[in-house]
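Descriptive structure summary
Here is what each chain is made of, one letter per residue.
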Amino acid sequence: MANDILIAPSLLAADFANLGADAAAVADAGADWLHLDVMDGRFVPNITFGPMVVKALRKHSDKPFDAHLMIEPVDMFAPEFIQAGADWVTIHPESGAHAHRSIGHIKSLGKKAGIALNPGTPVEAIDNVMDMVDLVLVMTVNPGFGGQSFIQSQVAKIAAVHERIKGSGRDVRLEVDGGVTPATAGAVAAAGADVLVAGTAVFKDGRDGLARNIQAIRDAAEAGRADAAA
Ligand code: DX5
Ligand code: ZN
């Protein structure tokens, strides 16, 4: 039985001057998880927020916090994000020399661990951590900014990751991040994705559009999955 499709709005596209209220609003509008894009100006060419902001957000929503760490080094900060309230912590293998150790550390702190694949990173990067991870994140843009165009060539990678997850026999979430809209959600869900991150497509119409935009992505994903199964 396939996992339910989850929608994880990225607060990167929220109003940073009203982050708590936007987090609460998007949770009320039907978000399953809240995706938190942590950027350091080094691993990626943009800077967002750190553990103090994650901790402050925790008061505004009890949805699972999905921390996407685009920082290097990652090991010294991952525990701080966990302490701040992250439930899922995803790292990029390029952000430290020892991805296996980083993932093991997150697991040892009792949280779900994910590994992220940049568009240029081959799928094989997950092979030696498949027995440990709870999530694989396929990036469908180069990380750093919201509002970029979906990179179509990554759909084949999503399918390849899906095959590996099935082969592992483990319960591993397959997340997709970047350029996800109602127009692209069907293809990623058909390829096997079950957690869809979306920033711009969720927040683009302000508070009033949140529920409608989340539902449109969910409907497109469910239709894509159903078509693929037919
Ligand atoms: C990109 C981030 C994404 C980003 C997605 O580095 O990891 O989560 O916010 O934004 P959209 O949905 O606008 O492509
Ligand atoms: Zn992200």
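For the structure, check the block above.
Notes on the structure in this doc start here. (Residues numbered from 1 in each chain as written. Chains lettered and ligands numbered in written order. Predicted model: local features only at pLDDT ≥ 70, side-chain atom pairs only at ≥ 80, totals over all residues. Heavy atoms only, no water.)

**Description of the sheet that holds strand 5 (residues 112–117)**
Here we have eight strands laid out as an open sheet, ordered 1-8-7-6-5-4-3-2, and parallel in their pairing. What marks the edges here is a single partner per strand, and that holds for strand 1 (6–9) and strand 2 (34–39). Averaged over all pairs of adjacent strands, the angle between strand axes in this sheet comes to 25 degrees, irrespective of strand direction. (Pairing = 2+ DSSP bridges. Helix = DSSP H or I, 4+ residues; strand = E, 2+ residues; numbered from the N terminus. Axes fitted to C-alpha atoms, helices over the stretch in contact; angles between N-to-C directions.)

**Remarks on the side chain of Thr48**
Here Thr48 shows up in the loop between strand 2 and helix 2 (51–58). Polar side-chain contacts of Thr48 include one of 2.7 Å to the backbone oxygen of Asp37. Here the side chain of Thr48 touches Met39 through a polar contact of 2.9 Å, landing on its backbone nitrogen. Setting aside residues up to four positions removed in sequence, Thr48 forms contacts with Leu12, Phe16, Asp37, Val38 and Met39. (Polar contact = N/O pair within 3.5 Å; in protein donor to acceptor, adjacent residues only side chain to side chain. Contact = heavy atoms within 4.5 Å.)

**Side note on the coordination of the zinc ion (ligand 2)**
Coordination of the zinc ion (ligand 2) by the protein comes from His35 (NE2), Asp37 (OD), His68 (ND1) and Asp177 (OD), over a distance range of 2.0 to 2.3 Å. For the zinc ion (ligand 2), the six donor atoms in the first shell make angles of 69 to 166 degrees at the metal, a pattern classed as octahedral. Look at where the donors of the zinc ion (ligand 2) fall in the sequence and you get H-x1-D-x30-H-x108-D. Remark: His68 occurs in strand 3 (residues 65–70) and His35 occurs in strand 2; sequence separation between them is 33 residues. When its relative accessible area of 0% is taken as the criterion, His35 is described as buried. Given a relative accessible area of 0%, His68 falls into the buried group. (Donors = N, O, S within 2.8 Å, 3.2 Å for Na, K, Ca; no water. Tetrahedral: all angles 85-135°; square planar, octahedral: opposite > 155°, others 65-115°. Buried < 20%, exposed > 50% of the residue type's maximum accessible area, 1.4 Å probe, protein only.)

**Here's the deal with the site of ligand 1**
In the region of ligand 1, 20 residues are neighbours, and Asp37, Gly144, Asp177, Gly199 and Thr200 sit closest. Contacts to ligand 1 include Gly144, whose backbone N or O atom sits 2.7 Å from an oxygen atom. In this structure, an oxygen atom belonging to ligand 1 sits 2.8 Å away from a main-chain N or O atom of Gly179. Here ligand 1 has 380 Å² of accessible area as a free molecule, and 99% of this is covered by the chains. For ligand 1, the cavity whose grid points lie within 2 Å of the majority of its atoms is the second largest pocket. Of all the secondary-structure elements, those providing two or more residues to the shell around ligand 1 are strand 2, strand 3 and strand 8 (195–198). It is strand 2 that provides the largest number of residues to the shell around ligand 1, a total of three residues. The residue makeup of the shell around ligand 1, split by class, is eight nonpolar, ten polar and two charged. (Near = heavy atom within 4 Å. Areas by Shrake-Rupley, 256 points an atom, 1.4 Å probe, with all protein chains shown as cover. 1 Å grid on protein atoms, 1.4 Å probe; cavity = no way out; pocket = protein on both sides within 12 Å on 5 of 7 lines; lining within 4 Å. Sits in = over half its atoms within 2 Å of the grid points. Nonpolar A, V, L, I, M, F, W, Y, C, P; charged D, E, K, R; others polar.)

**Looking at helix 2**
For helix 2, the set of buried residues is Pro51, Val54 and Leu57. Across the axial projection of helix 2, the buried residues extend over an arc of 120 degrees, all falling on one side. Counted as exposed and oriented over 90 degrees from the buried face of helix 2: Met52 and Lys55. On its buried face, helix 2 is in contact with helix 1 (19–28), strand 2, strand 3 and helix 3 (78–84). (Arc of directions from axis to C-beta.)

**Points about the packing of helix 6 (residues 182–190) against helix 8 (residues 210–229)**
Packed helices, taken two at a time, are described by the angle between their axes plus the distance between the axes. The contact between helix 6 and helix 8 brings their axes to 7 Å, and the two run at 40 degrees. Viewed along their axes, helix 6 and helix 8 form a crossing whose handedness is right-handed. Note on element contacts: helix 8 touches helix 6 through Ala216, Ile217, Ala220, Ala221, Gly224, Arg225 and Ala228, opposite Pro182, Ala185, Gly186, Ala189 and Ala190. Broken down by class, the residue content of the contact of helix 6 with helix 8 amounts to nine nonpolar, two polar and one charged. (Left-handed = near helix turned anticlockwise from the far one by under 90°.)

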